[in-house]
2 protein chains.
Amino acid sequence: MLQIALLGFGVVGNGTAEVILQNQKQIAAYCGDEVNIKYILDLRDFPEHPLGNRVVHDIKIILDDPEVTLVAEMMGGSHPAYDFTCAALKAGKHVVTSNKEVVATFGAELLDLARENHVSYLFEASVGGGIPIIRPMQTDLASNEILAVSGILNGTTNFILTKMKNEGAAFADVLKLAQQKGYAEANPAADVEGLDAARKIVILAALAFGKLLDPNKISTTGITGITQEHTALADKLGGAVKLIGHTEKVDGRVLALVSPFLVFSSNPISHVDDVYNGILVDTNMLGRAFFYGAGAGKLPTASAVVADILDILSGRSTDRRLPHWTVADEADIADVASLSCRRVYVFEGCPRCEAKAKTALKTEDSVWLCDGKFAVISSKMSATNADAAVTATGLCPVLSLPVLE
Amino acid sequence: MLQIALLGFGVVGNGTAEVILQNQKQIAAYCGDEVNIKYILDLRDFPEHPLGNRVVHDIKIILDDPEVTLVAEMMGGSHPAYDFTCAALKAGKHVVTSNKEVVATFGAELLDLARENHVSYLFEASVGGGIPIIRPMQTDLASNEILAVSGILNGTTNFILTKMKNEGAAFADVLKLAQQKGYAEANPAADVEGLDAARKIVILAALAFGKLLDPNKISTTGITGITQEHTALADKLGGAVKLIGHTEKVDGRVLALVSPFLVFSSNPISHVDDVYNGILVDTNMLGRAFFYGAGAGKLPTASAVVADILDILSGRSTDRRLPHWTVADEADIADVASLSCRRVYVFEGCPRCEAKAKTALKTEDSVWLCDGKFAVISSKMSATNADAAVTATGLCPVLSLPVLE
C-alpha cells in the first residue's frame with residue numbers, strides 16, 4: 001500500500017480524493033500497488049465525507065509518519081503552503097502541488113530543496129488545470145529548444161471575452177454572470193487584472209528558459225480596459241481579443257508579459273472559447289505544438305495532481321529529472337517594449353489619415369470598418385517603435401493591440 | 001558517452017541525426033552524458049554526409065556491439081523492420097520507432113518481447129508525427145479512464161480536404177498538387193483510402209483500451225468519394241468534412257473506424273487545416289484534451305523519435321511502464337454500425353420531404369440549402385437505425401456523414 005497525504009481539502013483536494021477513489025483499480029495497476037490517502041490536513045472537519053476519519057489538523061502527524069512518502073499540497077496561497085512544502089521535502093517526502101502562487105514565487109528554491117533531499121517536486125496542475133503541458137514540455141519536447149510559449153491561461157477572463165464577443169455584452173455584466181456561475185471570485189482582481197495569468201506564464205518561462213521571474217514584476221495588463229467596441233472590432237478584423245501570457249527570448253534575455261492580444265482565426269488559440277485554456281509552444285525542431293483543454297475546475301485540476309502522484313509512485317519521476325531554475329536578476333530580463341510583433345491600431349479619420357498611418361507603420365495592410373473607422377495592421381516592430389510612429393502621425397488610436405503570431 | 005544506432009537513413013533517419021547534432025548540448029545536459037550515433041544501418045552509402053563514416057550494411061555489427069544500448073528504427077514497412085526490432089530487443093537493446101506499420105501489426109508481441117528482455121519499446125513518432133500524444137496518454141492521462149479518441153491522423157488527406165473546402169477545387173486536382181508538393185506519394189492509396197489513418201487509430205485504441213485490432217480489418221473509408229459539393233455543403237452547415245480515426249468502447253468492446261465525418265466549428269478539430277494533425281482524447285476526469293501540431297515531416301517526426309531516445313537514456317522510461325496489449329479477438333471488437341452519433345443527411349426535395357425526414361431521424365434540426373436541397377441532422381443513433389429510417393422514407397440522400405461530437 002502506497003500511503004499519501006493531502007494538504008488542503010477544498011475544491012481541488014476533494015477532486016483529488018474523488019479521482020483516486022473512482023479510478024482506484026486502474027491506479028493500482030499503474031503503480032503496481034494500491035494508493036491510499038492516509039491523512040487529509042485541513043483546519044475544518046468533514047464528518048460526513050467517506051474519508052472524514054483521515055482528517056488531521058497538525059502537519060507534524062504527517063511529517064513524522066515514515067509510511068507517508070508523498071504529500072499533495074492543494075491549499076492555495078503562499079503561507080503556510082510554502083512552509084509545509086519545505087518541511088515535507090526536508091522530511092524526505094515527495095511533494096506535488098496545484099499551487100501556482102507557491103511555484104511561481106518559490107519554485108527555484110523548492111526544486112533545489114527537493115534535489116538536496118532526493119525527492120521530487122512536481123506541479124503539472126499549477127498551469128492549465130488538467131491540460132498536459134508541464135510534463136510534455138519536459139519530456140516530449142526535451143529534444144527541442146523552446147523558442148516561445150503563448151497561452152490563454154485564465155478561464156475566467158476567457159469566459160468573459162468570449163461572451164463579450166459572441167453576445168455583444170458589456171464587461172461588467174459578463175463579470176457578474178461569471179461570478180454567479182462560480183467562474184469568478186467575489187474579488188475578481190487576480191483574474192481580470194492578469195495576476196493569475198502572470199503567475200502561470202512565469203512558471204512556463206522558467207520551464208522554457210530556466211529563469212524564474214517575479215510574477216508581480218512582469219508587465220501585466222488585464223481585460224478591464226476591453227470594451228464591447230474592441231471585441232466587435234476584433235471580430236470584424238477576422239480575429240478575437242484574447243488575454244495572452246507570452247514568453248520568448250530576446251537577445252538572450254527572457255521577455256514575459258500578460259496582455260490582451262488580437263489573435264487571428266488562423267491561429268488555433270483564437271478558437272479557445274469559454275473557460276477553456278490553450279497553450280502554444282514554439283520549438284526549433286517540432287515547430288508549433290498546441291495543447292487545449294479544461295484549464296480549471298475540480299476534476300480536471302485533480303486529474304493533473306493525480307498524474308503527478310502516479311508519475312512519482314510508479315517510479316518514472318526521479319529527482320535527477322527535476323528542472324534547474326535560477327531566480328532571474330535584472331540582466332536576465334528583457335524589456336517588454338522590445339517585443340517584436342505586428343500591431344493593430346484602429347483610428348477614426350479620412351483616407352488621407354489612413355495613408356499616413358500605413359506609411360508610419362510600414363504596412364499595406366489596412367481595412368475600413370464602419371463609422372468612418374479604419375484599422376491598420378503594422379509590420380512586425382517593437383511597441384516603442386510602433387507607438388512613436390503613431391504619435392508622429394498626430395492620430396489618436398481608439399484601439400491598439402499586439403497581434404499574436 | 002551514450003552510444004546509439006539508427007536503422008534506416010531516409011527522411012526521418014536524417015532528421016533524427018539532425019536533431020541530435022543540432023541540440024547536442026541540451027541533449028547531453030538532459031541525459032547527463034553525450035549521445036553519439038555510432039552506427040547508421042542502410043542499404044545505401046552516404047559518403048557526403050558528415051556521419052557517412054558511421055554507415056554499416058549488416059545489422060549484426062550493431063547487435064553484437066555491447067556499447068550500443070539503443071536502436072532507433074526508422075526503416076518503414078514491416079520487413080525487415082520487424083525482424084531487426086525483434087533481434088535488437090532479444091539482444092537487450094532498447095528500441096524506439098516511427099514505424100506505425102510495425103507497431104500497429106506487431107505491437108502487442110514486441111511490447112511483450114521488450115518486457116521479457118527488460119528493455120523499452122517506445123513509439124511516440126508512430127502517431128501524429130511530432131505531436132506529443134503517446135506519452136501524454138500514458139503519463140498525464142494515467143489518472144483517467146480514457147473514453148474515446150478521435151483524430152485527424154493523416155496530413156495528406158487533411159491538406160486535400162482543406163484545399164477542396166477553401167478553394168472549391170476537385171479531389172483529383174488537389175491530389176496532383178499534393179503529389180507535386182511532396183505531401184502525397186506517387187501511389188497515394190495508403191493515404192487517401194485511409195489505411196495510414198487506420199494504423200494510427202489502431203495504435204491509439206490499443207493505448208486506450210489494451211486491445212490491438214488488425215488495421216486491415218477495421219472499417220476504413222477514405223476520401224476518394226468526397227466531392228466539392230460535399231465540402232461546400234459542410235461549409236454551409238457551419239462545419240468541415242474531415243477524415244477522422246475514431247475509437248471508443250461500446251458495451252465493453254472496442255469500436256474503431258476511419259471515416260469522413262462532419263465536424264462542426266465548435267469542435268477544435270474542425271480548425272485543424274492543411275497538413276496538420278489534431279487528436280482529441282475524452283476522459284472521465286479531465287474531460288476533453290486536444291493535441292495539435294505537425295503530424296508529419298522530417299524534423300517534427302524526428303523530434304518525437306529523439307524524445308523517446310531521451311526518455312530512455314535519461315532513465316525515465318523503464319520496461320515496468322510499458323503498456324500491456326493483447327491481440328483483439330472477435331469478441332473484443334464492436335460492430336462499427338453500433339457507433340451512436342448524430343448524422344447529417346442532405347436530400348433534394350420539398351418541404352413535405354423535409355418533414356418526413358425529420359420525423360424519421362427524430363430531430364427538429366434541419367436547414368434549407370440552395371438548389372432545393374435540405375440537410376437534416378439526426379438525433380444520436382446508430383448507423384443501422386439511421387440508415388433504416390432514411391430508407392423507409394423513400395428519400396435518397398446526396399450526402400450522408402456521421403457527425404464528430
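None of the values given here were measured: they were computed from a predicted structure. (Residues numbered from 1 in each chain as written. Chains lettered and ligands numbered in written order. Predicted model: local features only at pLDDT ≥ 70, side-chain atom pairs only at ≥ 80, totals over all residues. Heavy atoms only, no water.)

Asker: How do you make sense of the overall build of chain A when you look at a structure like this?
Answerer: Looking only at helices and strands, one finds 14 helices and 18 strands in chain A. In terms of C-alpha radius of gyration, chain A reaches 23 Å, essentially the compact-globule figure of 22 Å for 405 residues. Structurally, chain A occupies a C-alpha span of about 75 × 45 × 35 Å along its principal axes. Relative to its 405 residues, chain A shows a buried fraction of 62%. Restricting to contacts in chain A with at least 6 residues of sequence separation, those with at least 24 account for 71%. Surface accessibility of chain A: about 15000 Å² in total, with carbon and sulfur atoms responsible for 51%. One way to put it: in chain A the 35 positive side-chain charges average out to a point 4 Å from where the 47 negative ones average out. (Helix = DSSP H or I, 4+ residues; strand = E, 2+ residues; numbered from the N terminus. Rg over C-alpha atoms; globule rule 2.2 N^0.38 Å. Buried < 20%, exposed > 50% of the residue type's maximum accessible area, 1.4 Å probe, protein only. Contact = heavy atoms within 4.5 Å. Areas by Shrake-Rupley, 256 points an atom, 1.4 Å probe, with all protein chains shown as cover. Lys, Arg positive; Asp, Glu negative; His and termini not counted. Charge placed at Lys NZ, Arg CZ, Asp CG, Glu CD.)

Asker: Just to check I follow, could you spell out the side chain of Thr-247 of chain A for this structure?
Answerer: By the element assignment, Thr-247 of chain A lies in strand 10 (residues 239-250). Among the polar contacts listed, one links the side chain of Thr-247 of chain A to the backbone oxygen of Leu-255 of chain A, at a separation of 2.9 Å. (Polar contact = N/O pair within 3.5 Å; in protein donor to acceptor, adjacent residues only side chain to side chain.)

Asker: In this structure, what is going on with the pattern of salt bridges? I would like to understand it.
Answerer: It is possible for side chains bearing opposite charge to pair when their charged atoms get close. Throughout the structure, instances matching the rule amount to 44 salt bridges over all chains. Between Arg-316 of chain A and Asp-311 of chain A there is a salt bridge; the shortest N-O distance is 3.6 Å. In this structure Asp-311 of chain A comes out as buried when scored by relative accessible area, which is 2%. Note that Asp-332 of chain B and Lys-211 of chain B form a salt bridge whose closest N and O atoms lie 3.8 Å from each other. (Salt bridge = Lys/Arg side-chain N within 4 Å of Asp/Glu carboxyl O.)

Asker: Would you explain unusual backbone geometry in this entry?
Answerer: What is expected of a backbone is that most residues other than glycine have negative phi and most peptide bonds are trans. Pro-80 of chain A follows His-79 of chain A through a cis peptide bond whose omega is 10°. Along the chain, Pro-80 of chain A turns up in the loop between strand 4 (68-73) and helix 4 (81-90). Look at His-118 of chain A: it is not a glycine, yet its phi comes out positive at around 55°. The residue His-118 of chain A is located in the loop between helix 5 (100-116) and strand 6 (121-122) in this model. You will see that Lys-362 of chain B, though not glycine, has its phi angle at about 50°, which is positive. In this fold, Lys-362 of chain B is placed in the loop between helix 13 (351-360) and strand 17 (366-368).

Asker: Could you clarify how one ought to interpret the sheet that holds strand 16 (residues 343-348) of chain B in this entry?
Answerer: Residues and elements named next belong to chain B. Ordered by their spatial adjacency, four strands build an open sheet running 17-18-16-20, and the pairing between neighbours is antiparallel. Here the strands that pair on one side only, and so sit at the sheet edges, are strand 17 and strand 20 (399-402). Between one strand axis and the next, the sheet turns through 15° on average, direction left out of account. Here strand 16 pairs with strand 18 (residues 373-377) via five bridges, running antiparallel. Along strand 18, the bridge assignment pairs Val-344 with Ile-377. (Pairing = 2+ DSSP bridges. Axes fitted to C-alpha atoms, helices over the stretch in contact; angles between N-to-C directions.)

Asker: Please explain the packing of helix 2 (residues 24-31) of chain A against helix 12 (residues 298-313) of chain A as it appears in this structure.
Answerer: When two helices pack together, their arrangement is given by the angle between their axes and by how far apart the axes lie. Residue and element names in this part refer to chain A. Two numbers describe how helix 2 lies on helix 12: the axes approach to 9 Å, and their chain directions differ by 30°. Taken together, the axes of helix 2 and helix 12 lie roughly parallel to each other. In this structure, helix 2 crosses over helix 12, and the sense of that crossing is right-handed. Of the residues in helix 12, those touching helix 2 at Ile-27, Tyr-30 and Cys-31 are Val-306, Leu-310 and Leu-313. Of the residues contributing to the contact of helix 2 with helix 12, the split by class is six nonpolar, no polar and no charged. (Parallel < 35°, antiparallel > 145°, perpendicular 65-115°, else oblique. Left-handed = near helix turned anticlockwise from the far one by under 90°. Nonpolar A, V, L, I, M, F, W, Y, C, P; charged D, E, K, R; others polar.)

Asker: Looking at this model, I keep getting lost on the sheet that holds strand 3 (residues 55-56) of chain B. Mind explaining?
Answerer: Two strands in a sheet stick together by hydrogen bonds in their backbones, pointing the same way (parallel) or opposite ways (antiparallel). All names here are of chain B. Pairing is parallel in the open sheet, where six strands are placed in the order 3-2-1-4-5-6. The sheet is open, and its two edges are formed by strand 3 and strand 6 (121-122), each paired on a single side. Judged from the six bridges that link them, strand 1 (residues 2-7) and strand 2 (residues 35-41) form a sheet pairing that is parallel. Of the residues in strand 2, the one forming a bridge with Ala-5 is Tyr-39.

Asker: Sorry, what's going on with the relation of the copies chain B and chain A here?
Answerer: Both copies of the chain are tied together by a single rotation about an axis and a shift running along it. After a rotation of 180° and a shift along the axis of 0.0 Å, chain B superposes on chain A with an RMSD of 0.0 Å. Such values leave the two copies arranged in the relation of a two-fold axis. A shared binding surface is used by both copies, with 100% of the interface residues of chain B retained as interface residues in chain A. (Least-squares fit on C-alpha atoms with pLDDT ≥ 70 in both.)

Asker: Teacher, can you tell me more about the packing of aromatic side chains here?
Answerer: The geometry of an aromatic ring pair is captured by two quantities: the separation of the ring centres and the angle between the planes. Within the structure shown, the criterion is met by 24 aromatic pairs over all chains. A ring pair is formed by Tyr-121 of chain A and Phe-123 of chain A, whose centres lie 6.0 Å apart and whose planes are at 50°; its orientation type is tilted. There is no split in this pair, since Tyr-121 of chain A and Phe-123 of chain A are both buried. Between Phe-347 of chain B and Phe-374 of chain B the ring centres are 5.5 Å apart and the planes differ by 35°, which places this aromatic pair in the tilted class. (Phe/Tyr/Trp six-rings, centres within 6.5 Å; stacked < 30°, edge-to-face > 60°.)

Asker: Looking at this structure, I do not really get the packing of helix 5 of chain A against helix 10 (residues 195-209) of chain A. What am I missing?
Answerer: Residue and element names in this part refer to chain A. With their axes 9 Å apart at the nearest point, helix 5 and helix 10 run at an angle of 50° to one another. Here helix 10 runs oblique to helix 5, going by the angle between their axes. Here helix 5 and helix 10 pass one another in a crossing that is left-handed. Where helix 5 approaches helix 10, its residues Lys-100, Glu-101, Val-103 and Ala-104 are matched on the opposing element by Asp-196, Arg-199, Lys-200, Val-202 and Ile-203. Among the residues forming the contact of helix 5 with helix 10, the class breakdown is four nonpolar, no polar and five charged.

Asker: For this particular structure, what's the right way to read the state of the cysteines?
Answerer: Each disulfide consists of a covalent bond between the sulfur atoms of two cysteine residues. Residues and elements named next belong to chain B. Inspection of every chain in the model, using the stated rule, returns zero disulfides over all chains. The cysteine Cys-350 is free of any disulfide, with Cys-353 supplying the nearest cysteine sulfur at 3.1 Å. Overall, the relative accessible area of 35% leaves Cys-350 in the partly exposed class. (Disulfide = S-S within 2.5 Å.)

Asker: Is there a simple way to think about the side chain of Ser-270 of chain B in this case?
Answerer: All names here are of chain B. As for its position among the elements, Ser-270 is in the loop between strand 11 (253-264) and strand 12 (276-283). By relative accessible area, Ser-270 is classed as buried at 7%. With residues near it in sequence (within four places) discarded, Ser-270 still touches Lys-242, Val-263, Phe-264 and Ser-265.

Asker: Can you walk me through the interface of chain B and chain A in this structure?
Answerer: Accessible area lost on assembly of the parts is the figure often given for the size of an interface. In this assembly, 45 residues from chain B lie in contact with 45 residues from chain A. Carbon and sulfur atoms make up 52% of the area that chain B and chain A hide from each other, which totals about 4100 Å². Of all residues in chain B, Met-285, Arg-316 and Arg-321 of chain B give up the largest surface area on contact with chain A, accounting jointly for 19% of the area buried on that side. At the junction of chain B and chain A, the tally comes to four salt bridges. The tally of links between chain B and chain A comes to 23 residue pairs in polar contact (both at pLDDT 80 or more). Secondary structure elements with two or more residues in the side of chain B that touches chain A: helix 1 (11-22), helix 2 (24-31), helix 6 (134-138), strand 13 (288-294) and helix 12 (298-313) of chain B. Direction of pairing for strand 13 (residues 288-294) of chain A relative to strand 13 of chain B: antiparallel, over a ladder of three bridges. Looking at strand 13 of chain B, one finds that Tyr-292 of chain A is bridged to Phe-290 of chain B. (Buried area = accessible area lost by both parts, 1.4 Å probe.)

Asker: Help me understand the pairing of strand 10 (residues 239-250) of chain B, please; the structure alone is not making it clear to me.
Answerer: One face of the sheet, then the other: side chains in a regular strand alternate in exactly this way. Residue and element names in this part refer to chain B. Summarising burial for strand 10: 11 of the 12 residues are buried, a large majority. The pairing of strand 7 (residues 146-152) with strand 10 spans four bridges and is antiparallel. The residue of strand 10 that forms the bridge with Gly-151 is Gly-245. Where strand 10 and strand 11 come together, 12 bridges link them in antiparallel fashion. Each bridged residue has a counterpart across the sheet, and for Lys-242 the counterpart in strand 11 is Phe-261. Where strand 10 folds back on strand 11, the antiparallel hairpin that results is connected by two residues, among which Asp-251 adopts a positive phi of roughly 50°.

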